[in-house]
Amino acid sequence: MIQQSSNSASWLSRYVELLLPLHRLIASGEGDSEAADELRDQMDEPWMHLGPAEISLTNGLSEDLYSLGRECVEPEGEVDASETAAFNHAVESQNWPQALAILRRNQEKFPQGEASIFRGQFWACMDLPAAAIPFFEDVARLRPLETSEEQLYLVCAVLAGQARDFVSRAREILDRTQDARQQLMASEVLFKAAAESESEELLREGISAAERGLNAKHDDGDSPVGSHDLLSAHVNLALGYDLLGESSRARQVCDDAIKLAPDDPNLRDLQSFLRNPDFPPAQKSSYRNRLQRQTRPPVALYQ
């Protein structure tokens, strides 16, 4: 695994943020445009702060991005047994760069959809959710996403700060599924999009979706089981009601959550926050953002 300092990870994320639109321009035939040149100029500063490991990652990502958009064709032969064993070992040991390198060496032997879903999962697991998104989009171009894939896709959208671009997809999910976990993940997108755009309409949609998800049942009759999903939903719901001025409902949601997880420090903090009418307004927004970051479902839950 690659160990990154918070500073190097920040520069890496910045570089990736610029690399992705550059590749979109290249794919559309605008690689020599002024917009592309401007992106290249902006990439110089973060590039100077990257170490050898990060540079290797960005070079690999660039190569992966060039693979997008390929049509489904029959794989050219089978992956050698030794490469298959090395790939499986890399995945089991969570050595994502190594797994990606093996995938690149055997690109023509993987179906396009399978290669892209692996890439989406692996880049997400390296805390680069923005880099993962194009690969999930590539899979969705070829076939419907499976439930776990769609959940990870939405998690990446939230973590990458792109929730507003996924509102339509969240609404589509809510229209077609009764699955509790998918409903809660869709509500997460709506809550984040509401925060990004300061939209009361989206906030109310998020509240409705979260209520549906928390009240939904699985086919076996059980309630939603993911503790992070439950925690995130309750926090979002309580903060949402608080933003709408429905203080008593916000406190009730929090109290219900504490019954499920009485020792959770985030919920205890939230309870104190909601019961303090004198909490300085200027600090409320900062507190909400911090608490939502702490309770957001991690990528690892959706692998």
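Source: prediction; values computed, not measured.

A. Region of interest: the overall build of the protein. A tally of helices and strands in the protein yields 15 helices and zero strands. Contacts in the protein between residues at least 24 apart in sequence constitute 63% of all its contacts with a sequence separation of at least 6. Just so you have it, the protein exposes about 15200 Å², and 46% of that area is on carbon and sulfur atoms.

B. The arrangement of the layout of surface pockets in detail. The computed volume of the largest pocket comes to approximately 620 Å³. What lines the largest pocket is a set of 27 residues, among which Leu 20, Pro 21, Arg 24, Ala 130 and Pro 134 lie closest to the centre. If you list the elements that add at least two residues to the lining of the largest pocket, you get α1 (6-27) and α7 (129-142). Sorting elements by how many residues they give to the lining of the largest pocket places α1 first, with nine residues. Partitioned by chemical class, the residues of the lining of the largest pocket number 16 nonpolar, four polar and seven charged.

C. Structural view of the state of the cysteines. The final tally for this structure, using the stated rule, is zero disulfides. The thiol of Cys 125 is unpaired, and the distance to the nearest cysteine sulfur, on Cys 156, comes to 8.5 Å. Classification of Cys 125 by relative accessible area gives buried; the value is 15%.

D. Region of interest: the pattern of salt bridges. Tallied over the entire structure, the rule returns 16 salt bridges. Across the salt bridge formed by Asp 37 and Arg 40, the nearest N and O atoms sit 3.1 Å from each other. With Asp 37 and Arg 40 both in helix α2 (residues 34-48) and three residues apart, the pair spans about one turn of that helix. Across the salt bridge formed by Arg 164 and Glu 196, the nearest N and O atoms sit 3.3 Å from each other. On the criterion of sequence distance, the pair formed by Arg 164 in the loop between α8 (147-159) and α9 (167-176) and Glu 196 in helix α10 (residues 180-197) is long-range, its members being 32 residues apart. Each member of the salt-bridge network shares a partner with another, and the members are Glu 150, Arg 169, Glu 172 and Arg 176.

E. Inspection of a negative patch on the surface at higher detail. On the surface, a cluster of negative charge is made up of Glu 34, Glu 38, Asp 41 and Asp 44. Tracing the sequence through the fold places Glu 38 in helix α2.

F. Inspection of helix α5 (residues 96-105) at higher detail. Burial in α5 covers these residues: Trp 96, Ala 99, Leu 100, Ile 102, Leu 103 and Arg 104. The elements touched by buried residues of α5 are α3 (52-65), α4 (81-92) and α6 (112-125).

G. Seen up close, the confidence of the model for the protein. Looking at the protein as a whole, the pLDDT averages 86, with 85% of positions reaching at least 70. Confidence drops under a pLDDT of 50 for residues 218-225, and excluding neighbours within four residues, the segment shows 16 contacts in the predicted structure.

H. Up close: the nonpolar core. The biggest cluster of nonpolar side chains holds 85 residues, and the ones touching the most others in it are Leu 61, Trp 123, Leu 237 and Leu 270. Among the elements that line this core, the one with the most residues is α1, at nine residues. In this structure, Trp 123 is in contact with Leu 57, Gly 60, Leu 61, Asp 64, Leu 100, Arg 104, Leu 128, Ala 131, Ala 132 and Phe 135, ignoring residues within four places of it in sequence.

I. Structural view of the packing of α6 against α7. Contact geometry for α6 and α7: axes closest at 8 Å, N-to-C directions at 155°. In this view, α6 runs roughly antiparallel relative to α7, as classed from their interaxial angle. Along this stretch, α6 crosses α7, giving a crossing that reads as left-handed. Contact residues: α6 offers Gln 112, Gly 113, Ser 116, Ile 117, Arg 119, Gly 120, Gln 121, Trp 123 and Ala 124, while α7 offers Ala 131, Ala 132, Phe 135, Phe 136, Asp 138, Val 139, Arg 141 and Leu 142. Taken together, the residues that form the contact of α6 with α7 break down as nine nonpolar, five polar and three charged.

What counts and what doesn't
- Residues numbered from 1 in each chain as written.
- Predicted model: local features only at pLDDT ≥ 70, side-chain atom pairs only at ≥ 80, totals over all residues.
- Heavy atoms only, no water.
- Helix = DSSP H or I, 4+ residues; strand = E, 2+ residues; numbered from the N terminus.
- Contact = heavy atoms within 4.5 Å.
- Areas by Shrake-Rupley, 256 points an atom, 1.4 Å probe, with all protein chains shown as cover.
- 1 Å grid on protein atoms, 1.4 Å probe; cavity = no way out; pocket = protein on both sides within 12 Å on 5 of 7 lines; lining within 4 Å.
- Points joined across faces, edges and corners; volume = space filled by probe spheres on them.
- Nonpolar A, V, L, I, M, F, W, Y, C, P; charged D, E, K, R; others polar.
- Disulfide = S-S within 2.5 Å.
- Buried < 20%, exposed > 50% of the residue type's maximum accessible area, 1.4 Å probe, protein only.
- Salt bridge = Lys/Arg side-chain N within 4 Å of Asp/Glu carboxyl O.
- Patch = residues over 30% accessible without salt bridge, like charges linked within 9 Å, V, L, I, M, F, W, Y side chains within 5 Å.
- Lys, Arg positive; Asp, Glu negative; His and termini not counted.
- Charge placed at Lys NZ, Arg CZ, Asp CG, Glu CD.
- pLDDT = per-residue confidence, 0-100.
- Core = buried A, V, L, I, M, F, W, Y, C linked by side-chain atoms within 4.5 Å.
- Axes fitted to C-alpha atoms, helices over the stretch in contact; angles between N-to-C directions.
- Parallel < 35°, antiparallel > 145°, perpendicular 65-115°, else oblique.
- Left-handed = near helix turned anticlockwise from the far one by under 90°.

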